[in-house]
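# An overview of the molecular structure
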Amino acid sequence: MHDKTLAELSAGLAAGEFSSVELTRHFLGRIERFDGQLNSFITVTAEPALAQALAADERRRRGEAGPLTGIPLAQKDIFCTDGVRTSCASKMLDNFIAPYDATVVAQCNAAGMVMLGKTNMDEFAMGSSNETSYFGPVKNPWDTVAVPGGSSGGSAAAVAARLTPAATGTDTGGSIRQPAALCGISGIKPTYGRVSRYGMIAFASSLDQAGPMARTAEDCALLLGAIAGFDPRDSTSVEREVPDYRAALGNDLKGLKIGLPKEYFGAGLDPAVAQAVEAAINEYRKLGAEVVEISLPNTGLAVPTYYVVAPAECSSNLSRMDGVRFGYRCDNPKDLEDLYKRSRGEGFGPEVKRRIMIGTYALSAGYYDAYYLKAQQMRQLISDDFRRAFETVDVIMGPTSPTVAFNAGEKTDDPVAMYLADVYTIAANLAGLPGMSIPAGFVGNRPVGLQLIGNYFDEARLLNVAHQYQLTTDWHQRAPQGFE
Ligand code: GLN
């Protein structure tokens, strides 16, 4: 059962080949058997999952099942889940039981999906390797000495190892696409505002966006359909109809215009990754697409801009974690100041502290204009590059990540080297554009991801473009050895 896609599981449930309870038990069994090797889950919610599965089976008997009713999934531990620990992989929220569901979680529940548990991640979603988690690093199922990527590394590893058919992720600078690439699965970061951020613990509010992670583009289409939509509780959520993403998967690619930004194929890109990406582009040519070179001249500004904007916003968002209202509180504080200092000093890990310090500095009086304002201006230039590009092309393609998965420990002492893992993904967040990563080959035993960037609210096209490739290739069907 674990080798089936969401679409196949949906059909199997509808045909009565198995029940949701059977399916849920199967995946819980796999988590129990394999997750000791991967550490992809922080919390497994076996009992509530079985209760949800039972309810899903009853709903089906009543004839009220939707396409996702009874299908298990895992939620990244950044989404608030009513009554279930929501830790954001931090000591700060180690024992935080959320009092409500995030909208994404509520929508999955409303669709009748079954939550298997909460997945591991980088602490407060800050990282590209899942090594900053308070609950320990996640391993890449393709090669357990390698990182799974981050920050949604637990979700990516769990999907790749078939411990869950799908998972949610969030992407502030690449955290859906980069781990999807490094674990050989598919993932889409929607347009900013497409999916509600309500109940999703904020990292950088103007960049954060949630999205689905699954093995195929079709599965991402199914899950995105369930979680997208307007939410009056998120003021940045956009009131716009949600298309039937799955119904849009049947279009051929004749005449599709693909732009390859020359800046995405320069120095820093591993030649073996470049080769796999070029082979994928050739496949698109065979499918009838027209490929042209384009330029996104401000690409080099993306990482420096991001590392002003994201820390600035996180320093503000994380100020609510003060030891007073919820989360970690130090023992025996002497006075209020000591309470703040030690609760935050003991509760946050080193990467989170680094970001808070950079952000606080950038926002301080006298520096605001020099850093934050400047970064916002650079952000506009980056958006303008894309706007011009989309006047002539339909989709932009390139590598998701400059390298395949690196080894654990390899970049932990060099934050800048770690930050460069997102050099191709960050610009889409700064511009608010949708981006996707799909499996496109291997270097040795480690997967390569192809990135697709689309115009605003063009998710349906991106998913179809990814799906057409998956109809003629089988990279997305490969399973890591030992997890088949
Ligand atoms: N790796 C990037 C960072 O560390 C992006 C993280 C994310 O998208 N949440 O900030």
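The paragraphs below set out a description of the structure included in this document. Bear in mind the structure is a predicted one, so any value in this text is a computation, not a measurement. (Residues numbered from 1 in each chain as written. Predicted model: local features only at pLDDT ≥ 70, side-chain atom pairs only at ≥ 80, totals over all residues. Heavy atoms only, no water.)

## Describing the overall build of the protein
Within the protein, the regular secondary structure consists of 15 helices and 11 strands. Compactness check: the protein gives a C-alpha radius of gyration of 21 Å against a globular reference of 23 Å for 484 residues, within 12% of the reference. With the C-alpha coordinates of the protein rotated into their principal frame, the extents come out at 65 × 55 × 45 Å. A burial count over the protein gives 62% of its 484 residues as buried. (Helix = DSSP H or I, 4+ residues; strand = E, 2+ residues; numbered from the N terminus. Rg over C-alpha atoms; globule rule 2.2 N^0.38 Å. Buried < 20%, exposed > 50% of the residue type's maximum accessible area, 1.4 Å probe, protein only.)

## Examining the pairing of strand β5 (residues 186-189)
Burial along β5 is two-sided: the face carrying Ser186 and Ile188 and the face carrying Gly187 and Lys189 are both buried. Summarising the sheet, β5 and strand β6 (residues 209-214) pair through 2 bridges and their orientation is antiparallel. Across the sheet, residue Ser186 finds its bridge partner in β6, namely Ala214. By the bridge criterion, 3 bridges tie β5 to strand β10 (residues 435-443) in an arrangement that is antiparallel. Its bridge partner being in β10, Lys189 is matched across the sheet by Gly435. (Pairing = 2+ DSSP bridges.)

## As for a nonpolar patch on the surface
On the surface, a nonpolar cluster with roughly 260 Å² of combined accessible area is contributed by Val324, Leu336 and Tyr340. Tracing the backbone through its elements, the reader meets Val324 in the loop between α9 (302-317) and α10 (336-347). Exposure remark for Val324: the relative accessible area of 37% places this residue in the partly exposed category. (Patch = residues over 30% accessible without salt bridge, like charges linked within 9 Å, V, L, I, M, F, W, Y side chains within 5 Å. Areas by Shrake-Rupley, 256 points an atom, 1.4 Å probe, with all protein chains shown as cover. Salt bridge = Lys/Arg side-chain N within 4 Å of Asp/Glu carboxyl O.)

## Some words on the side chain of Glu313
Position of Glu313 among the secondary structure elements: in helix α9. Salt bridges are absent for the buried Glu313, whose nearest opposite-charge side chain, Arg379, sits at 4.4 Å. Discounting chain neighbours no more than four positions away, the residues touching Glu313 are Phe203, Ala204, Ser205, Ser206, Leu207, Tyr372 and Arg379. (Lys, Arg positive; Asp, Glu negative; His and termini not counted. Contact = heavy atoms within 4.5 Å.)

## Details of α9
For α9, spanning 16 residues, the distance from its first C-alpha to its last is 22 Å, which sits close to the expected 22 Å at 1.5 Å a residue. Counting buried residues in α9 gives 14 out of 16 residues, a clear majority hidden from the surface. (Expected span 1.5 Å × (residues − 1).)

## A closer look at the nonpolar core
Counting residues in each nonpolar core, the largest one holds 146 residues, and the members touching the most others are Phe124, Tyr284, Phe386, Met397, Met436, Leu450 and Leu452. Once you skip the residues sitting within four places of it in the chain, Tyr284 turns out to touch Leu253, Ile258, Ala289, Met397, Ile438, Leu450, Leu452, Val465, Ala466 and Tyr469. (Core = buried A, V, L, I, M, F, W, Y, C linked by side-chain atoms within 4.5 Å.)

Read these as layout, nothing more, since geometry by itself doesn't imply function.
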